[in-house]
Amino acid sequence: MLLPGFRPLHVPIVQLNLELVLKCGQSFRWRVVQVVENDLSSPEWRLTLHDRVICLRQNSDTLFYRALFPLGTHELEDGSTLAWIRDYFQLDVDLDNIFSSIEDPIFKRATSLFGGGIRILRQDPWENLISFVCSSNNNISRITSMVQNLCTHFSSPLVLDSLNIVEPHCPFPPPHSLSNPSVDGILRNLGFGYRAKYIQQTASILCQVHEDPQQWLLSLRTKSTDEAREELLKLPGVGPKVADCILLMSCDKPEVVPIDTHMLQIATKHYNFRLPGNLKGKAVPAITPKSRDEVSLMFQKKWGAHAGWAHGVLFAADLKSLAAHGGIRTSSPSPSRVSRGVDVPKKERETVSRISGSSISSSPPGELYTDETVRGDSLAERIKLRRRYSRFKP
DNA sequence: CATGGACCACCC
DNA sequence: GGTGGTCCAT
């Protein structure tokens, strides 16, 4: 494969499969661009960082990469792009190595379904945090559009040289861009619903409490799993499921297995897990705090030190095998409840099904939050925030 | 500490 | 009526 401008890196597709990894609900910002050069065009993946756009393509044994830089910046490739890639994809982690000790036949089957290549990304904790605050009661396609809106409305696009670049490339907005109280209303108008307040409050709290919020989030990587989780749970919109996702995907906690209704289904259907009031044949009851811990522990015990990575395989495999069956659909009711307030229409849809055969349907602000703006909040609001934030304090 | 609702917008 | 949760009140 000849790709002008791209640099080759030897990475077998069984170690990293972009198609499987970048669209399975870990990161929501990668975009596919169909490049029409020649005829044998492979999809190109792009992600906008704060100072460059990462571009990737791949074939069976090679990953091709390059970066697009803003006008006026030195784009001499000093190796930082390669360093970023190795870190982000955790290329030093050998999938064969960490999975070879897992005997679980169901896991093995899921792996063989794709021939590997599914790994956990090492994402930026801040972006990861906000993205998953958006994930509650939500599907991949809508989360994707919400995150996209976050970028286009709260950060400035990189000014690129390339003429073939049309749409704006906006980085993920930093904490201070989302901390102003006005952000709540803006996000609501963008269709974020009740998650709008969570995002603004979380950003606000982090900016108030930490000199450098992003650096502080990064420091969670060196803390113990329990300590890091405790910190994350203090933030509005972050419950046990979201916290576990962040721990696994951006805080170097590979043993953590996030349990959502999806994983609960898998546990029930394939691992004979039974909730308290669940008899055979009955529908799976709603997840409870206790059952979540039980299921998570079961998987952790079964899969070991990299249980979270194994979970990623089951999860992605599940999503994928549905997309393959493309029309199998299971649930789907319709609304009758009308809500008041501002409504902003949204489009897009996506359906995913499951391995087992059943399926689910898925698929100007920006000012620094200063003491002055803080005073803009009502007293009650501040007290509530304060109480929540100190809930776990000694 | 353990359950039910509400919560937004959107799917169907 | 349900969604790849969380918050709040019993």
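So, a few notes on the structure that sits alongside this text. Quick caveat: nothing in here was measured; it's all calculated off a predicted structure.

Parameters at a glance
- Residues numbered from 1 in each chain as written.
- Chains lettered and ligands numbered in written order.
- Predicted model: local features only at pLDDT ≥ 70, side-chain atom pairs only at ≥ 80, totals over all residues.
- Heavy atoms only, no water.
- Salt bridge = Lys/Arg side-chain N within 4 Å of Asp/Glu carboxyl O.
- Helix = DSSP H or I, 4+ residues; strand = E, 2+ residues; numbered from the N terminus.
- Buried < 20%, exposed > 50% of the residue type's maximum accessible area, 1.4 Å probe, protein only.
- Phe/Tyr/Trp six-rings, centres within 6.5 Å; stacked < 30°, edge-to-face > 60°.
- Lys NZ or Arg CZ within 6 Å of the ring centre and 35° of its normal.
- Core = buried A, V, L, I, M, F, W, Y, C linked by side-chain atoms within 4.5 Å.
- Domains from an automatic or database assignment.
- Contact = heavy atoms within 4.5 Å.
- Pairing = 2+ DSSP bridges.
- Axes fitted to C-alpha atoms, helices over the stretch in contact; angles between N-to-C directions.

With that out of the way, let us pick up the pattern of salt bridges. Under the defined criterion, the tally for this structure stands at 12 salt bridges. The shortest N-O distance in the salt bridge between Arg 29 and Glu 127 comes to 2.9 Å. Taken together, the residues span a long stretch of sequence, with Arg 29 in the loop between helix H1 (18-21) and strand S2 (31-34) and Glu 127 in helix H5 (residues 125-133) at a distance of 98 residues. On the basis of relative accessible area, Arg 29 is assigned to the buried category, the value being 9%.

Our next topic: the packing of aromatic side chains. Counted according to the given criterion, the structure contains 13 aromatic pairs. Note on Tyr 194 and Tyr 198: the rings are 6.1 Å apart at their centroids and 70 degrees apart in plane angle, and the pair reads as edge-to-face. Assessed through its relative accessible area of 31%, Tyr 198 is described here as partly exposed. Taking the ring centre of Tyr 194 as reference, the NZ or CZ of Arg 195 above it sits at 4.6 Å.

Next up on the list: the nonpolar core. If you look at the biggest cluster of nonpolar residues, it comprises 76 residues, and the most contacted ones within it are Leu 129 and Trp 303. Examining the composition of this core, we find that nine residues originate from one element, helix H14 (residues 307-324), more than from any other. Residue contributions to this core reach at least three from each of two domains, namely domain 1 (7-92 + 121-250) and domain 2 (261-390). Not counting residues within four places of it along the chain, the set of residues in contact with Trp 303 comprises Ile 102, Asp 104, Phe 107, Met 263, Tyr 271, Ala 310, His 311 and Leu 314. Counting 19 residues, the second largest nonpolar core, distinct from the first, contains Leu 49, Tyr 65, Ile 85 and Leu 91.

This next bit is on H5. Along H5, nine of the nine residues are buried, which leaves the element largely enclosed by surrounding structure. Along H5, the positions that sit buried rather than exposed are Pro 125, Trp 126, Glu 127, Asn 128, Leu 129, Ile 130, Ser 131, Phe 132 and Val 133. Summarising the contacts, the buried residues of H5 are in contact with helix H6 (140-154), helix H8 (195-209), helix H9 (213-218) and helix H11 (240-250).

With antiparallel pairing, the five strands of this open sheet are ordered in space as S1-S5-S4-S3-S2. Both edges of this open sheet fall to strand S1 (7-10) and S2, since each of them pairs with a single strand only. On average, each strand axis in the sheet is tilted by 30 degrees relative to the strand beside it, whichever way the strands run. Bridge analysis of strand S3 (residues 43-48) against strand S4 (residues 53-58) gives four bridges, and the strand direction is antiparallel. What sits directly across from Leu 47, in S4, is Ile 54. The strands touched by helix H2 (residues 80-88) within the sheet are S1, S3, S4 and strand S5 (62-68), with S5 carrying the most contacts at an inclination of about 125 degrees.

Where burial is concerned, most of S3 is hidden: five out of the six residues are buried. Sheet analysis places S2 next to S3, joined by four bridges and oriented antiparallel. Residue pairing in the sheet places Arg 31 in a bridge with Arg 46 of S3.

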